[in-house]
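Here is how the chains run, residue by residue.
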Number of protein chains: 2
Amino acid sequence: MPSVASPALANHQDAQLRQRAARVVPGGMTGHLNAAALPAGYPQFFERGQGCRVWDVDGNAYIDFMCSWGPNLLGHHHPEVDAAAARQQALGDCLNGPTPRFVELAERFVARSAHADWVLFQKNGTDATTVGVMVARAATGKRKVLVATKAYHGADPWCTPVPNGITAEDRAHLIYYTYNDVASLEAAAAAAGDDLAAIVCSAFKHDIGVDQELPRPEFARRARALCDKAGAALILDEVRAGYRMHAGGSWETVGVRPDLSAWSKSIANGYALAAVTGVDALRDAATRIYTTGSFWSGGVAMAAGLATLEVAESTDVVAHVHRMGQRFRDGIAAQATSHGVGVRQTGPAALPLILFDNDPGVDRGAVFAAEALRRGVYLHPRHNMFLSLAHTEQDIDLALQATDAAFALVAQRFGSH
Amino acid sequence: MPSVASPALANHQDAQLRQRAARVVPGGMTGHLNAAALPAGYPQFFERGQGCRVWDVDGNAYIDFMCSWGPNLLGHHHPEVDAAAARQQALGDCLNGPTPRFVELAERFVARSAHADWVLFQKNGTDATTVGVMVARAATGKRKVLVATKAYHGADPWCTPVPNGITAEDRAHLIYYTYNDVASLEAAAAAAGDDLAAIVCSAFKHDIGVDQELPRPEFARRARALCDKAGAALILDEVRAGYRMHAGGSWETVGVRPDLSAWSKSIANGYALAAVTGVDALRDAATRIYTTGSFWSGGVAMAAGLATLEVAESTDVVAHVHRMGQRFRDGIAAQATSHGVGVRQTGPAALPLILFDNDPGVDRGAVFAAEALRRGVYLHPRHNMFLSLAHTEQDIDLALQATDAAFALVAQRFGSH
């Protein structure tokens, strides 16, 4: 099968940059973009992006299914977004106060978010989840915060998934529940007693390396009811899912509205922006906390955010990324069957995850992803992926040609089931 | 004195935007850019910037002494910085991994920082101070962190100056000392016992509303010695002062090198970027913590950071902002004497603070700043200000014409001392 034994990608520039980085950056790279967490062959450094394609520093092009881990919602260099950002850049970005874009975006953002009466802007997803918790605590005067075991809500000491460099006190008031498990949520709320400030829920369960789960309506409703009973705030973490599940907020899909939502990633199509939306009852608390950042009011990201909203609404990006994700998912399912390889595809089609059966060490997943990469498709073997408005049916079908060969290699290496 | 009774600035657009903002943003605006903390007449919303000038949304122009609260180091729209950012923007910003700019900036940043062997990048100053503390704790396995009373190190729960929405546990392991007070620092270190992870020091004392203080050499040396004795990390918070006090790091002025430094604000001339630099002994700890952000590796801010370094070094920006700050300070001192009004000017000349004698409520300061504003000079009555490379002698002298009239008004309203 010569088609399977494709040569390794050129990686000379990448290797050189890694060597240089290793001298001046701990480990050469840190955080979620660290290629050390990916199969051998994945590039660390990238040169450019266009639409749904990215080019690494050695000139290899990929149809990209990570979308910068979410931010690339409309495609790299979407003309309307980049034009809006450039217009604002020509005026000014970081000034002594916000620009009119701040008000315009706040109005549009609130109008769009089904639950929201107000919004605050930040830069990082972690900023948004942290501000959400602070607002809830300020409003309630209570301390306990319920979070799902292994859920990712950012990388501050209170939430980073690797608990090095933190203290026990950073999590003294967290109580854990199991996502979608009503009994565990009730037990956690009971443990909080009369000290419950908030329940934090991801828009859907997207823990790395395990099957994703859409929110069960009865779970979402119970979270809502427990907050209502305790006078606590229901905080929806939209950082991952926002703008890809539902235009008005991801839990519109289950008919439950949060009190606070935390947003980032996609909301300005790659320009650095985050936001917290909230209900009127929490407005006063939001004025009493003090959070800020040197660049939080920067006009360029807000201009990009306005254009992103405009394009997202006029194109119905939610429907598009669902359709493209479903086309990819259907193709993958057919190929898995055809090659006799068992896979599980979970979560929203627009944020797909593919895990192989009988693959606890992700060996099959790694071979599959690495082979797809060599054939010009950038997948992730363990983390949910992302579709964008720039993905066309042709892109999906091209990607499926690569995954078909990747399935063949998995079947050859590991056998059919 | 008709020259004193200048008319109020046009503020129709600003008022309209404030009304709109009040509906969709808690309090209309939050954080350090909230104009509610400034005297009446200050605009909230800005249209554009150029060099050391900013224009509010009503078209009023100001010679700006806040420099976006620090970030505007080289002047708005510095051609080399904006060109570098635009070149990178045309390629890509937020991709599946960093761009070559990440390595290039890391190399330049480390080479420039006298103490540094490595660097990590973030987006907010708060990110940088928080990451610094995490690295120190990961390296030492200890918990206690010494911070100066009333020092500002960001707005996360562990450090926000307004303790609403936080819990006691967020600060369980902070121990407070008085900046520049060796005895208080020794007492705090003694209180930490064998659990000392870090001493955090601002580059100079720049607490809002009180006289600034340059670091006393014996204080800095004692902080260094206490860390050495305990195996703790000396963390220098350079977010405010970085790139304006000394090219190699602010404590080069007192001959003391930290183990970690936290940077943001000026390092990319207004593009959103932060950084932590550290010594080799802490490199392993920095690989063991997990912090990240969706936009932390964005190439555009790093391209801007590279150009900012290039311009800062080729122009000796430190010397320029010192010279312009000193010219302003000398002029203010002469005017104060001439008008018989007592003022105290403290801190580095490049980050000046002007406080009036006998002015606990900042009434004199408010009249002074508001009058300067009406005459086209944007000052802050309580917070340190910032000079930039774009300030010329002519700009300083023009500003001094406005402050002379402002002093006259203060003397008229409050009398000479």
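Cut-offs and rules
Residues numbered from 1 in each chain as written. Chains lettered and ligands numbered in written order. Predicted model: local features only at pLDDT ≥ 70, side-chain atom pairs only at ≥ 80, totals over all residues. Helix = DSSP H or I, 4+ residues; strand = E, 2+ residues; numbered from the N terminus. Rg over C-alpha atoms; globule rule 2.2 N^0.38 Å. Buried ≥ 20, exposed ≤ 12 C-beta atoms within 10 Å, placed from the backbone. Contact = placed C-beta atoms within 7 Å. Pairing = 2+ DSSP bridges. Right-handed = clockwise from strand over helix to strand, strands pointing away. Least-squares fit on C-alpha atoms with pLDDT ≥ 70 in both. Domains from an automatic or database assignment. Nonpolar A, V, L, I, M, F, W, Y, C, P; charged D, E, K, R; others polar. Axes fitted to C-alpha atoms, helices over the stretch in contact; angles between N-to-C directions. Expected span 1.5 Å × (residues − 1). Core = buried A, V, L, I, M, F, W, Y, C linked by C-beta atoms within 7 Å. Parallel < 35°, antiparallel > 145°, perpendicular 65-115°, else oblique. Left-handed = near helix turned anticlockwise from the far one by under 90°.

1. Brief notes about the overall build of chain A
For chain A, the helix and strand inventory stands at 11 helices and 13 strands. For 417 residues, the compact-globule estimate of 2.2 N^0.38 gives 22 Å, and the C-alpha radius of gyration of chain A, at 22 Å, lies within 12% of that figure. Considered along the principal axes of its C-alpha atoms, chain A spans approximately 65 × 55 × 45 Å. In chain A, which comprises 417 residues, the proportion classed as buried is 62%. Considering only contacts in chain A between residues 6 or more positions apart, those separated by 24 or more positions represent 76%.

2. What to know about the pairing of strand 8 (residues 233-237) of chain B
Residue and element names in this part refer to chain B. Within strand 8, 5 of the 5 residues are buried, which leaves it mostly tucked inside the rest of the structure. When strand 7 (residues 196-202) meets strand 8, the two strands line up parallel, connected through 5 bridges. Pairing of Ile199 across the sheet is with Leu234, part of strand 8. One crossover worth recording links strand 7 to the parallel strand 8 by way of helix 6 (residues 217-230), and it is right-handed. Alignment of strand 8 against strand 9 (residues 260-263), held across 3 bridges, turns out to be parallel. Across the sheet, Ile235 pairs through a bridge with Leu260, a residue of strand 9.

3. Some thoughts on the relation of the copies chain A and chain B
Turning chain A through 180° and shifting it by 0.0 Å along the axis lays it on chain B, with an RMSD of 0.0 Å. Each copy turns onto its partner about a two-fold axis. Nearest to the rotation axis, the C-alpha of Glu169(A) is located 2.6 Å from it, this being the minimum over chain A. Comparing contact sets, 99% of the residues at the interface of chain A also lie at the interface in chain B, consistent with an isologous, same-surface contact.

4. Describing unusual backbone geometry
All names here are of chain A. We note that Asn358 has phi near 55°; this positive angle belongs to a residue other than glycine. Within the fold, Asn358 resides in the loop between strand 12 (353-356) and helix 10 (363-374). Judged by local crowding, Asn358 falls into the exposed class, with 10 C-beta atoms found within 10 Å.

5. Quick notes on the domain arrangement of chain A
Residues and elements named next belong to chain A. Examined at the domain level, chain A breaks down into domain 1 (12-69 + 317-414) and domain 2 (79-315). Contacts between the two partners involve 17 residues from domain 1, matched on the other side by 17 residues from domain 2. Per element, the largest residue contribution to the side of domain 1 that touches domain 2 is 4 residues, and it comes from helix 9 (residues 317-339). Of the residues in the side of domain 1 that touches domain 2, the class split is 9 nonpolar, 6 polar and 2 charged.

6. With respect to the sheet that holds strand 9 (residues 260-263) of chain A
The pairing of strands in a sheet happens through backbone hydrogen bonds and is either parallel or antiparallel. Residues and elements named next belong to chain A. Reading across the sheet, the 7 strands line up as 4-10-9-8-7-5-6 and stay open at both edges, with mixed pairing between neighbours. Strand pairing shows two members of the sheet lacking a second neighbour, strand 4 (118-122) and strand 6 (174-177), which therefore form its edges. Here the average twist between neighbouring strands, direction ignored, is 20°. Of the pairings in the sheet, the one linking strand 5 (residues 144-148) to strand 6 comprises 4 bridges and is parallel in character. Directly across from Val147, in strand 6, lies its bridge partner Tyr176. Set on the sheet, helix 5 (residues 182-192) makes contact with strand 5, strand 6 and strand 7 (196-202); between it and strand 6 the angle comes to about 160°.

7. Some thoughts on helix 4 (residues 125-140) of chain A
Under the 1.5 Å per step criterion, the end-to-end length of helix 4 of chain A is 23 Å for 16 residues, consistent within 8% with the ideal 22 Å. With respect to burial, helix 4 of chain A is a largely interior element, 16 of its 16 residues being buried.

8. Details of the nonpolar core
Most often, soluble globular proteins keep nonpolar side chains buried together rather than apart. If you look at the biggest cluster of nonpolar residues, it comprises 288 residues, and the most contacted ones within it are Val135(A) and Val135(B). Those residues in contact with Val135(A), other than ones at most four positions away along the chain, are Leu260(A), Val276(A), Gly278(A), Leu282(A), Ala285(A), Ala286(A), Ile289(A) and Gly165(B).

9. Brief notes about helix 10 (residues 363-374) of chain B
Residue and element names in this part refer to chain B. Taking 1.5 Å per residue as the helical rise, helix 10 with its 12 residues ought to reach 16 Å, and the 17 Å between its terminal C-alpha atoms agrees with that figure. For helix 10, a buried count of 11 out of 12 residues is recorded, marking the element as mostly surrounded by other parts of the structure. On its buried side, helix 10 packs onto strand 3 (61-64), strand 12 (353-356), strand 13 (377-378) and helix 11 (393-414). One or two residues past the end of helix 10 sits Gly376, with phi positive at roughly 90°.

10. A closer look at the interface of chain A and chain B
In this assembly, 89 residues from chain A lie in contact with 88 residues from chain B. Of the residues forming the side of chain A that touches chain B, the biggest block, 8 residues, is contributed by helix 4 of chain A.

11. A few points about the sheet that holds strand 1 (residues 46-50) of chain B
The strand order 1-2-3-13 (chain B) describes an open sheet built from 4 strands, whose pairing is mixed. Since the sheet does not close on itself, it has two edges, and those belong to strand 1 and strand 13 of chain B, each with one partner.

12. With respect to the packing of helix 10 of chain A against helix 11 (residues 393-414) of chain A
All names here are of chain A. Across the interface, helix 10 lies against helix 11 with an axial gap of 8 Å and an inter-helix angle of 140°. Relative to helix 11, the element helix 10 is oriented oblique. Relative to helix 11, the crossing made by helix 10 is right-handed. Residues Arg364, Val367, Phe368, Glu371 and Ala372 of helix 10 form the contact with helix 11, whose participating residues are Ala402, Thr403, Ala405, Ala406, Phe407, Leu409, Val410, Arg413 and Phe414.

13. Structural notes on the packing of helix 9 of chain A against helix 11 of chain A
Residue and element names in this part refer to chain A. Relative orientation of the contacting elements helix 9 and helix 11 amounts to 25°, with a least axis distance of 9 Å. The pairing of helix 9 with helix 11 is recorded here as roughly parallel in orientation. At the point where helix 9 passes helix 11, the crossing takes the right-handed sense. Where helix 9 abuts helix 11, its residues Met324, Arg327, Phe328, Gly331, Ile332, Gln335, Ala336 and His339 lie against Glu393, Ile396, Ala399, Leu400, Thr403, Asp404, Phe407, Ala408 and Ala411. Considered class by class, the residues forming the contact of helix 9 with helix 11 number 10 nonpolar, 4 polar and 3 charged.

14. Side note on the environment of Ala188(B)
Residues and elements named next belong to chain B. With respect to the helices and strands, Ala188 occurs in helix 5 (residues 182-192). Along the chain, Ala188 and Leu146 lie 42 residues apart, while their C-alpha atoms are 6.8 Å from each other. With near-sequence residues (within four places) excluded, Ala188 lies in contact with Leu146, Ile175, Tyr176 and Tyr177.

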